Amino acid sequence: MTFLITTLMENTSGDTRLVAQHGLSLLIEGEGKKFVYDTGQSPRFLFNARALGTDPAGADALILSHGHWDHTGGAAALLTSMDPPRAVYVGEGFFEQRYRKVEDGELEISSLLNERALRLSGVPCQVVGREPVALGKNAWLLSGFATTDPQEAASPLMTRMREGMLVTDTFPEEVALILQGAEGLTVISGCSHNGIVSIVSRVAEVFGEPVRRFVGGTHLVNAGDERIAYTCRKLQDLGMRHLGACHCTGEKAESFFATHFPGFYRNNVGTKTEIC
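Conventions we followed
Within each chain, residue numbers correspond to sequence positions counted from 1 in written order. At least 70 in pLDDT is required for a residue's local features to be given in this predicted model, at least 80 for side-chain atom pairs to be given and counted, and no such filter applies to totals for whole chains, interfaces and linings, which use all residues. Values reported for side chains reflect all heavy atoms of the structure, with hydrogen atoms and water molecules removed beforehand. Numbering of helices and strands runs from the N terminus, with a helix taken as a DSSP run of H or I at least four residues long and a strand as a DSSP run of E at least two residues long. Radius of gyration means the value over C-alpha atoms here, while the globule rule gives 2.2 Å times the residue count to the 0.38 power. Three labels apply to residues, based on accessible area from a 1.4 Å probe with only protein chains included: buried if under 20% of the type maximum, exposed if over 50%, partly exposed otherwise in between. Note on definitions: a residue-residue contact is assigned when non-hydrogen atoms from the two residues lie within 4.5 Å. The Shrake-Rupley method, run with a 1.4 Å probe, gives the accessible areas here. Residue values count only the displayed protein chains as cover. In this tally Asp and Glu are treated as negative and Lys and Arg as positive; neither His nor the chain ends contributes. By convention, the point assigned to a charge is CZ for Arg, NZ for Lys, CD for Glu and CG for Asp. Here a cavity means grid points, on a 1 Å grid over the protein atoms only, where a 1.4 Å probe fits yet cannot get out; a pocket means an open set of points with protein on both sides within 12 Å along at least five of seven lines; lining residues are those with an atom within 4 Å of a point. Grid points are joined across faces, edges and corners, and a volume is the space filled by probe spheres set on the points. Three classes are used, and their members are as follows: Ala, Val, Leu, Ile, Met, Phe, Trp, Tyr, Cys and Pro are nonpolar, Asp, Glu, Lys and Arg are charged, and the others, Gly among them, are polar. Helix span is expected to be 1.5 Å times the residue number reduced by one. The axes are straight lines fitted to the C-alpha atoms, using for helices just the contacting stretch, and the angles between their N-to-C directions are given from 0 to 180°. Roughly parallel covers angles under 35 degrees, roughly antiparallel covers those over 145, roughly perpendicular covers 65 to 115, and oblique covers all other angles. Each helix crossing is assigned a hand: it is left-handed if the near helix lies turned anticlockwise from the far helix by less than a right angle, otherwise right-handed if that turn is clockwise. The term salt bridge refers to a side-chain nitrogen of Lys or Arg lying within 4 Å of a carboxyl oxygen of Asp or Glu.

Caption draft 1: View of the overall build of the protein. The secondary structure content of the protein amounts to 6 helices and 17 strands. Since a compact globule built from 276 residues should have a radius of gyration of about 19 Å, the 17 Å found for the protein is in line with a globular shape. Counting all 276 residues of the protein, 54% fall into the buried class. Sequence-distant contacts in the protein: of pairs separated by 6 or more residues, those separated by 24 or more amount to 69%. Entry remark: accessible area of the protein is about 11,700 Å², with carbon and sulfur atoms responsible for 49%. The average position of the 25 basic charges and that of the 32 acidic charges among the side chains of the protein differ by 3 Å.

Caption draft 2: Molecular detail of the layout of surface pockets. Computed from the structure, the largest pocket encloses a volume of approximately 680 Å³. Met158, His193, His219, Val221 and Asn222 are, among the 32 residues lining the largest pocket, the residues nearest its centre. Those elements that provide at least two residues to the lining of the largest pocket are β6 (98-102) and β7 (105-108). Taken together, the residues of the lining of the largest pocket break down into 13 nonpolar, 12 polar and 7 charged.

Caption draft 3: Representation of helix α5 (residues 225-237) within the structure. The first and last C-alpha atoms of α5 sit 18 Å apart over 13 residues, in line with the 18 Å expected at 1.5 Å per residue. Among all positions in α5, only Ile228, Tyr230, Thr231, Cys232 and Leu235 are buried. The inward-facing, buried residues of α5 contact α4 (196-207), β16 (242-246) and α6 (251-260). Directly beyond the C-terminal end of α5, a positive phi value near 100 degrees is found at glycine 239.

Caption draft 4: Quick peek at unusual backbone geometry. Of note in the backbone geometry, phenylalanine 171 takes a positive phi value of approximately 55 degrees without being a glycine. Mapping phenylalanine 171 onto the fold places it in the loop between β12 (165-168) and β13 (176-181). Phenylalanine 171 sits in the buried class, given a relative accessible area of 3%. The phi dihedral of serine 192 falls on the positive side, at around 55 degrees, and the residue is not glycine. Assignment of secondary structure puts serine 192 in the loop between β14 (184-189) and α4. Taking relative accessible area as the criterion, serine 192 reaches 2% and is therefore assigned buried.

Caption draft 5: Fine view of the packing of α5 against α6. Across the interface, α5 lies against α6 with an axial gap of 10 Å and an inter-helix angle of 40 degrees. In this view, α5 runs oblique relative to α6, as classed from their interaxial angle. The handedness of the crossing between α5 and α6 comes out as right-handed. Contact with α5, carried on its side by Asp225, Ile228, Ala229, Thr231, Cys232 and Gln236, involves Lys252, Ala253, Phe256, Phe257 and His260 of α6 and no other residues of that element. For the contact of α5 with α6, the class distribution of residues is 6 nonpolar, 3 polar and 2 charged.

Caption draft 6: Structural context of the pattern of salt bridges. Overall, the coordinates contain 12 salt bridges when judged by the stated rule. Between arginine 162 and glutamate 96 there is a salt bridge, and its shortest N-O distance comes to 3.0 Å. Taken together, the residues span a long stretch of sequence, with arginine 162 in strand β11 (residues 158-162) and glutamate 96 in the loop between β5 (88-91) and β6 at a distance of 66 residues. Using a relative accessible area of 33% as the deciding quantity, one classes arginine 162 as partly exposed. Between glutamate 254 and arginine 266 there is a salt bridge, with the nearest N and O atoms lying 3.4 Å from each other. One end of the pair, glutamate 254, is in helix α6; the other, arginine 266, is in the loop between α6 and β17 (272-275), and 12 residues separate them in sequence. You can call glutamate 254 buried: its relative accessible area is 11%. Taking the relative accessible area as the measure of exposure, arginine 266 reaches 38% and is therefore partly exposed. Among the charged side chains, a salt-bridge network with shared partners connects Glu96, Arg98, Arg160, Arg162, Asp169 and Glu173.

Listed below in structure tokens is the structure:
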């Protein structure tokens, strides 16, 4: 085994010992390193970690995939613990205010970790850009994704404050974790707001080999049947063999993948994924 990915928080759980909340948190261990990827909407991911016999304390890195509340709510608890992570990694523009359009206005959905709290924690923060950042043997971060597939246009319902104006959010700060195993590359993404096909295609281009496994959210929760079928077909065409989708994927897309993607599995709270 090269890496073990344990899902500490996700929308659903089939284990009565574990708490489920809308959001995502993963613990990645291997090659002498330990990474926490996102922290859900609250510190309850730490409760699940204890119940699962895992320990996020003293992680080599806390990686925050993007600046939304349901991925950052437990970050402050981890950063102020007795054994905090050694470093925090975010993408450019992570701390900008974020909104979702609703019937009566704009609902703020910004990061629950702000710059002041991060600074007071004393944990160093590094901004990830378009070039890979090595975290250790066989592990890298990549950000600065653009939506390149025509089926994955940015949603006008998602906005951010930029220079005093609300603009459509294109999620330039989305950070993916890339792992190398014997079978090939694994991509971990929090929500894939840029589009899972666009993200996987860029990773394959940067690293010069196909992505064989994906773990995380695909943000297909509001997608129509045509886009879901297209995404399923396209990922297989790109050479993906395993798909551990969860969180913002949505029940309809998960059901379609379960039928049409042979390597699909539901990545719920407590799921463990081995990368060999």
